[in-house]
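Chain and residue survey
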Amino acid sequence: MSLITLGVVALDCPDPRALADFYAEMLGRRVEAGGDDEWVEVAGPDGRALAFQRVADYRPPQWPGQDVPQQLHLDFDVPRAKIDEAERTIVALGAKLVQHDDGKRDWRVYLDPAGHPFCLCLR
């Protein structure tokens, strides 16, 4: 067993609470607000979390271009039979579809409300 384990994945954004609300709703989890509006977390299993931190003058990544590189993206697994339902749900929450699977890939690419790319991956 390693001494090091993954704790939190933090995303820069202009509005941590709004982005935490988006991911909490998408994942069926709860928001754990910090003591201020600068850092907000979405509770995950085993104490792991997604965190969102306020960044002044935040510039979203420009996917797929590299003028403002994405630096990371998140993948979320979805049962193949539920992909369209999952897409309707996240788009209603504020996600934007930017690359459909077109029946050729096992993932679809979206931007969250702050512009971070993420994928729904078919399983």
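Please refer to the structure higher up on the page.
Reference entry: report on the structure contained in this document. Keep in mind the model is a prediction, meaning the values are calculated, not measured.

In this section: the overall build of the chain. A tally of helices and strands in the chain yields 2 helices and 8 strands. Reading the helices (α) and strands (β) of the chain from amino to carboxyl end gives β-α-β-β-β-β-α-β-β-β. With the C-alpha coordinates of the chain rotated into their principal frame, the extents come out at 45 × 35 × 30 Å. Within the span of the chain, comprising 123 residues, buried residues form 34% of the whole. Nonlocal contacts in the chain, meaning residues at least 24 apart in sequence, comprise 52% of its contacts between residues at least 6 apart.

Strand order in the open sheet formed by 4 strands is β1-β4-β3-β2, and the pairing between neighbours is mixed. Two strands close off the open sheet at either side, each with one partner strand: β1 (8-13) and β2 (31-33). If you compare each strand with its neighbour and ignore which way they point, the axes differ by 25° on average. As paired strands, β1 and strand β4 (residues 49-54) are joined by 6 bridges and run parallel to one another. Bridge pairing links Ala 10 to Ala 51 in β4.

A few words on the pairing of strand β7 (residues 107-111). A large share of β7 lies buried, amounting to 4 of its 5 residues. Of the pairings in the sheet, the one linking β7 to strand β8 (residues 117-122) comprises 5 bridges and is antiparallel in character. Paired with Trp 107 across the bridge in β8 is Cys 121. Remark: 5 residues form the turn of the hairpin made by β7 and β8, two consecutive strands paired antiparallel; Gly 115 in that turn has positive phi of roughly 95°.

Further remarks concern helix α2 (residues 83-93). Residues spaced three or four apart along an α-helix point in a common direction, a consequence of the helix completing one turn every 3.6 residues. Buried residues of α2: Ile 83, Ala 86, Glu 87 and Ile 90, and no others. Summarising the axial view, the buried residues of α2 lie within an arc of 100°, below the 170-degree limit, and thus occupy one face. Exposed and oriented more than 90 degrees from the buried face of α2 are Arg 88 and Ala 92.

Another point: the side chain of Arg 108. Among the structural elements, Arg 108 can be located in strand β7. Polar contacts involving the side chain of Arg 108 include one to the side chain of Glu 87, which spans 2.9 Å. Not counting chain neighbours up to four residues away, the residues in contact with Arg 108 comprise Ile 83, Asp 84, Glu 87, Leu 97, Gln 99, His 100, Asp 101, Phe 118, Cys 119 and Leu 120.

Quick look at the state of the cysteines now. Scanning all chains against the criterion turns up 0 disulfides. Between Cys 13, a free cysteine, and Cys 119, which holds the nearest cysteine sulfur, the sulfur-to-sulfur gap is 19 Å. On the basis of relative accessible area, Cys 13 is assigned to the buried category, the value being 1%.

Rules used throughout
- Residues numbered from 1 in each chain as written.
- Predicted model: local features only at pLDDT ≥ 70, side-chain atom pairs only at ≥ 80, totals over all residues.
- Heavy atoms only, no water.
- Helix = DSSP H or I, 4+ residues; strand = E, 2+ residues; numbered from the N terminus.
- Buried < 20%, exposed > 50% of the residue type's maximum accessible area, 1.4 Å probe, protein only.
- Contact = heavy atoms within 4.5 Å.
- Pairing = 2+ DSSP bridges.
- Axes fitted to C-alpha atoms, helices over the stretch in contact; angles between N-to-C directions.
- Arc of directions from axis to C-beta.
- Polar contact = N/O pair within 3.5 Å; in protein donor to acceptor, adjacent residues only side chain to side chain.
- Disulfide = S-S within 2.5 Å.

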